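# Examination of the molecular architecture
Next come the chains, spelled out residue by residue.
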Amino acid sequence: MRSILVVTKDKDDYRIIRKCHRSAYRVDLAPTSDTALNMLHHRRYDYLFMDIDLLRSSQPGGLTTALQALWQVFPTIEIVVMCPQEEIREAVMAVKAGASNYLTYPLNPPEVKYVTESIDETALMQSELDYLRDQFWQSDSLELIRTKCDVMKAVFGKIRSVAPTKSTVLLIGETGTGKGVLASLIHKHSNRNEAQFISVHCGAIPDTLLESELFGHEKGAFTGAIRRKLGKFEIAKGGTIFLDEIGTITPSAQIKLLQILQDGIFQRVGGEETIDANVRVIAATNTDLKKMSEQGLFRKDLYYRLNVFPIEVPPLRQRKEDIPHFVDVFLRRMNKFNAKAIHHVHPSVLEAFEQYDWPGNIRELENLIERAHILETSPILNPESFPSELFEAEGLTPSVAVDTQWTLSEVRKEGLKHIERNYIKEQLIHHKGKIKDSAKAAGITTRQLHKLMKKYAIRKEDFKSSSA
């Protein structure tokens, strides 16, 4: 049975609400805000009817702060504010802050019933919309689009709208925010999903080879062109081409790309044959293309052709609520390939993640998890498997689990082991598992290093693929 908690000092108001919902709800009474919080901690409630004075006095800082405190205990609860007629303005402010609705004194039974019915109807409509939304996404993409961040929900909404079209998309965001993953998501949900998806990192191709890579070349077009070569646009025919770091392409390549976007045709380098470019273009940039075009560093006409449907991808520091989900995804992926069973992260690590600024975004998080996964020997990722810099953001330090039954001498001994083990691992990471170099940097002999590695069950093989 569903439940309602009524927070009021007036038992008559409680009786009215209980009478209105007797057949469908269990209705409980809390005479104070403290009692209400205690009851919320011990039982699940669907609705909270709360007197505005009790709500206001429950937390310093106003109605918004008070509402947030309640949602921290029970994030999904529907809150209805009760107030006298002269305080309707404050009740409206509470609704703007997230409350579901408000009632005025004296309570009117039909109005009380209407409030809960209308909230239930709205929730049903929202669940139907969510269902239809999920029906659009392919099942293997549902994990990817999971987010608690409102900005990312808007991003996925834009992707859902533009994916079935043939429009050019420009993904804008910092390095490591997952623009390539989003480009693939757009292609997968387009009507070109059975054709090629070609990804090109424009910044990684030398200027002299860029046009040949993108548009192909004819035999003899330049020194070394011993045969005809098909370019990425020709290979991607009927499909999608993703141009990452589009701001780095040369002026001559910009002209050819403009011709494709404008007229749908291009020529190979050194060729005269006109080729149809039946391809959708998704571009990405981590620079301000508009500013570059104003400075003469990028063609304005090309910028406007690329900017048909821009999507700004937020950095990880603006969507930290999604970090636990990313950690879970990365751990499951690494357990699969590395035959380990690590499923949890130490709370102090998650706290450090919350404080850290993530200049490298999602890619940096994945790299840190991968490195820690290699080092960790327990079923949980502990602080000592992460770089110490991660804990310096807010003066945090990797914690060492200690037993208060230990003597001070035993605690010191355990702390020394913790520091020593972490230090050896950091040296091996930095020197990619090379024993001689690691021992030299540590100021010990290779024999001593081997003894320490044996003592802490550290294998040099685990560090061969790691980088500094």
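Just above, that's the structure.
These remarks concern the structure in this document. What you see is a predicted model, and the numbers here were worked out from it, not measured in a lab. (Residues numbered from 1 in each chain as written. Predicted model: local features only at pLDDT ≥ 70, side-chain atom pairs only at ≥ 80, totals over all residues. Heavy atoms only, no water.)

Before going further, it helps to spend a moment on the overall build of the protein. A tally of regular secondary structure across the protein gives 19 helices and 14 strands. The C-alpha atoms of the protein give 30 Å as radius of gyration, which overshoots the globular expectation for 468 residues (23 Å, by more than 25%). Taking the principal axes of the C-alpha coordinates as reference, the protein spans close to 95 × 70 × 40 Å. Counting over 468 residues, the protein shows a buried share of 44%. (Helix = DSSP H or I, 4+ residues; strand = E, 2+ residues; numbered from the N terminus. Rg over C-alpha atoms; globule rule 2.2 N^0.38 Å. Buried < 20%, exposed > 50% of the residue type's maximum accessible area, 1.4 Å probe, protein only.)

Our next topic: the pattern of salt bridges. If you walk through the whole model with that rule in mind, you get 19 salt bridges. Linking glutamate 218 and arginine 228 is a salt bridge whose minimum nitrogen-to-oxygen distance equals 3.0 Å. On the criterion of sequence distance, the pair formed by glutamate 218 in the loop between α9 (207-215) and α10 (232-235) and arginine 228 in the loop between α9 and α10 is long-range, its members being 10 residues apart. Members of the salt-bridge network, linked through shared partners, are Glu218, Arg228, Glu234, Arg268 and Glu273. (Salt bridge = Lys/Arg side-chain N within 4 Å of Asp/Glu carboxyl O.)

With that settled, consider empty space enclosed by the protein. What the rule picks out here adds up to one cavity of 30 Å³ or more. Quantified by volume, the largest cavity comes out at close to 40 Å³. Around the largest cavity sit Ser33, Ala36, Leu37, Met50, Ser58, Gln59, Ala66, Ala69 and Leu70, which together line it. Elements that contribute at least two residues to the lining of the largest cavity include exactly α2 (33-42) and α4 (63-73). Classifying every residue of the lining of the largest cavity by side-chain character gives six nonpolar, three polar and no charged. (1 Å grid on protein atoms, 1.4 Å probe; cavity = no way out; pocket = protein on both sides within 12 Å on 5 of 7 lines; lining within 4 Å. Points joined across faces, edges and corners; volume = space filled by probe spheres on them. Nonpolar A, V, L, I, M, F, W, Y, C, P; charged D, E, K, R; others polar.)

Strand order in this open sheet of five strands is β7-β8-β11-β6-β12, and the pairing throughout is parallel. The open sheet is flanked by β7 (197-201) and β12 (309-312), the only strands paired with a single partner. The mean angle between the axes of side-by-side strands here comes to 15 degrees, regardless of whether they run parallel or antiparallel. (Pairing = 2+ DSSP bridges. Axes fitted to C-alpha atoms, helices over the stretch in contact; angles between N-to-C directions.)

The next point concerns the nonpolar core. By size, the foremost hydrophobic cluster in this structure holds 31 residues, and its most contacted members are Phe233, Ile241, Leu243, Ile246, Ile249, Phe298 and Leu306. Going through the elements one at a time, β7, α9, β8 (240-244), α11 (251-263), β11 (280-285), α12 (289-294) and α13 (300-306) are the ones with two or more residues in this core. With five residues, the single largest contributor to this core is α11. For leucine 243, the residues in contact, after removing those within four places along its chain, are Val200, Cys202, Leu214, Phe233, Leu257, Val281, Ile282, Ala283 and Ala284. Core analysis: the second largest hydrophobic core is formed by 25 residues, Val7, Met39, Leu55 and Ile79 among them. (Core = buried A, V, L, I, M, F, W, Y, C linked by side-chain atoms within 4.5 Å. Contact = heavy atoms within 4.5 Å.)

The strand order β2-β1-β3-β4-β5 describes an open sheet built from five strands, whose pairing is parallel. Two strands in the sheet have a free side with no partner beyond their single neighbour: β2 (25-30) and β5 (101-104). For this sheet, the mean angle separating the axes of adjacent strands, direction not counted, is 20 degrees. Those strands touched by helix α1 (residues 11-20) are β1 (2-7), β2, β3 (47-51) and β4 (78-83), and its axis lies near 170 degrees from that of β2.

Look at α11: 18 Å from first C-alpha to last across 13 residues, which is about the 18 Å you get at 1.5 Å a residue. Along α11, the residues that are buried comprise Ala253, Gln254, Lys256, Leu257, Leu258, Ile260 and Leu261. The inward-facing, buried residues of α11 contact α9, α10, β8, β9 (265-266), β11 and α13. A positive backbone phi angle near 75 degrees is found at glycine 264, which sits one or two residues after α11. (Expected span 1.5 Å × (residues − 1).)

The next subject is the layout of surface pockets. Quantified by volume, the largest pocket comes out at close to 810 Å³. Taken together, 32 residues make up the lining of the largest pocket; nearest its centre are Leu144, Gly178, Val181, Arg333 and Ile362. Going through the elements one at a time, α7 (150-162), α8 (179-188), α14 (323-338) and α16 (361-375) are the ones with two or more residues in the lining of the largest pocket. At seven residues, α8 tops the list of elements feeding residues into the lining of the largest pocket.

Limitation: the analysis is restricted to geometry and does not speak to function.
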